[in-house]
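So the chains spell out like this:
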Amino acid sequence: MLCSRLFPTLHIDQSTIFLLFWCFPAWSKEKRNRLSLLLQKAEFHENVNLEKFENLTKASSVPPEEAVRWGESFDKLLSQKAGLDAFTTFLKTEFSEENIEFWTACEDYKKNKASHQLLPKAKTIYETFIRKDAPKEVNLDFHTKEVTAQNITHPTLDSFDAAQAKVYRLMEQDSYPRFLRSDMYLDLIKGREHSGHPALRRRSRSFTFNEFQDVQSDFTIWL
């Protein structure tokens, strides 16, 4: 199927974008703009500056004993600033840093002590991470999104608890095990500096579908 050949992974390069625009000149301006934005995002990640990744062990000076404790539980990893920083940097290599950014935003949100600050902050989190086509949209089911949208109409400190728990479990079950197997973490527990560029891991096919479900339907005539 030509569709599967055009979208085997999330990676879309400049030539592919030109091909799509040439083949489908009748595409709406909105769809054309969405593809352009996705291209910019992909190019940003492919050219991401990995200097911070390589220098992380030098800057943080994490003792191997502390790094070993990160492997005891996901909660213990996130409870340590150095662990949180290391995990965040790792997620950037997997193009999924929005998950930890959302989790962190929820943690900060729950520290609010002034009730009048809840509504604007809740709206910011929702618009950034949860609404459809949000710039850093996290992977949530429809029901959780709907519940969260209702919660923020009259926000409380626990308005994002359900969504945060879903993203936490996703990271714990998926990204955390890979982090523990990564060269970055293995070098930390061995007390040596990480010296190589990590391989950039592309998103899963489920993410590809979420990102391109609005445009892939245009290819059905080719199947």
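Residues numbered from 1 in each chain as written. Predicted model: local features only at pLDDT ≥ 70, side-chain atom pairs only at ≥ 80, totals over all residues. Heavy atoms only, no water.

**Side note on the overall build of the protein chain**
Per the secondary structure count, the protein chain includes 14 helices and zero strands. Tracing the protein chain from N to C terminus, the helices and strands come up as α-α-α-α-α-α-α-α-α-α-α-α-α-α. With 223 residues in all, the protein chain has 41% of them scored as buried. Across the protein chain, the fraction of contacts at a sequence separation of at least 24, relative to all contacts at a separation of at least 6, is 68%. With an accessible surface of roughly 12,700 Å², the protein chain has 54% of that area assigned to carbon and sulfur atoms. (Helix = DSSP H or I, 4+ residues; strand = E, 2+ residues; numbered from the N terminus. Buried < 20%, exposed > 50% of the residue type's maximum accessible area, 1.4 Å probe, protein only. Contact = heavy atoms within 4.5 Å. Areas by Shrake-Rupley, 256 points an atom, 1.4 Å probe, with all protein chains shown as cover.)

**Observations regarding the nonpolar core**
Trp70, Leu78, Phe87, Phe102, Phe160 and Phe179 are the most contacted members of the largest nonpolar core, which totals 37 residues. Broken down by secondary-structure element, the contributors of at least two residues to this core are α6 (64-70), α7 (74-79), α8 (81-93), α9 (97-109), α10 (118-130), α12 (161-181) and α13 (183-189). If near-sequence neighbours (up to four positions away) are discounted, phenylalanine 179 is found in contact with Trp70, Leu77, Ala86, Phe87, Phe90, Met184 and Tyr185. (Core = buried A, V, L, I, M, F, W, Y, C linked by side-chain atoms within 4.5 Å.)

**With respect to the confidence of the model for the protein chain**
When the pLDDT values of the protein chain are averaged, the result is 76; 59% of them are 70 or greater. For residues 195-200, every residue scores under 50 in pLDDT, and the model assigns this stretch 13 contacts once sequence neighbours within four places are set aside. In this model, residues 202-223 is a region of pLDDT below 50 whose contacts with residues beyond four sequence positions or in other chains number 49 contacts. (pLDDT = per-residue confidence, 0-100.)

**Thoughts on the packing of aromatic side chains**
For the structure on display, the rule yields eight aromatic pairs. Aromatic side chains phenylalanine 90 and phenylalanine 179 sit 5.6 Å apart centroid to centroid with 65 degrees between the ring planes, which places their arrangement in the edge-to-face category. Placement of the pair is phenylalanine 90 in helix α8 and phenylalanine 179 in helix α12, with a sequence separation of 89 residues. The two residues phenylalanine 90 and phenylalanine 179 agree in class, both being buried. (Phe/Tyr/Trp six-rings, centres within 6.5 Å; stacked < 30°, edge-to-face > 60°.)

**A short note on the environment of glutamate 72**
Mapping glutamate 72 onto the fold places it in the loop between α6 and α7. Note on glutamate 72: relative accessible area 52%, which makes it exposed. A polar contact is formed between the side chain of glutamate 72 and the side chain of lysine 76, at a distance of 2.6 Å. (Polar contact = N/O pair within 3.5 Å; in protein donor to acceptor, adjacent residues only side chain to side chain.)

**Quick word on the pattern of salt bridges**
The full count for this structure, using the stated rule, is 10 salt bridges. Close ionic contact of lysine 76 with glutamate 72 constitutes a salt bridge, the shortest N to O distance being 2.6 Å. Looking at lysine 76, the relative accessible area reads 32%, which means it is partly exposed. Two residues, glutamate 127 and arginine 131, come together in a salt bridge whose shortest N-O distance is 2.7 Å. Each of Glu94, Asp174 and Arg178 takes part in salt bridges that share partners, so that together they form one network. (Salt bridge = Lys/Arg side-chain N within 4 Å of Asp/Glu carboxyl O.)

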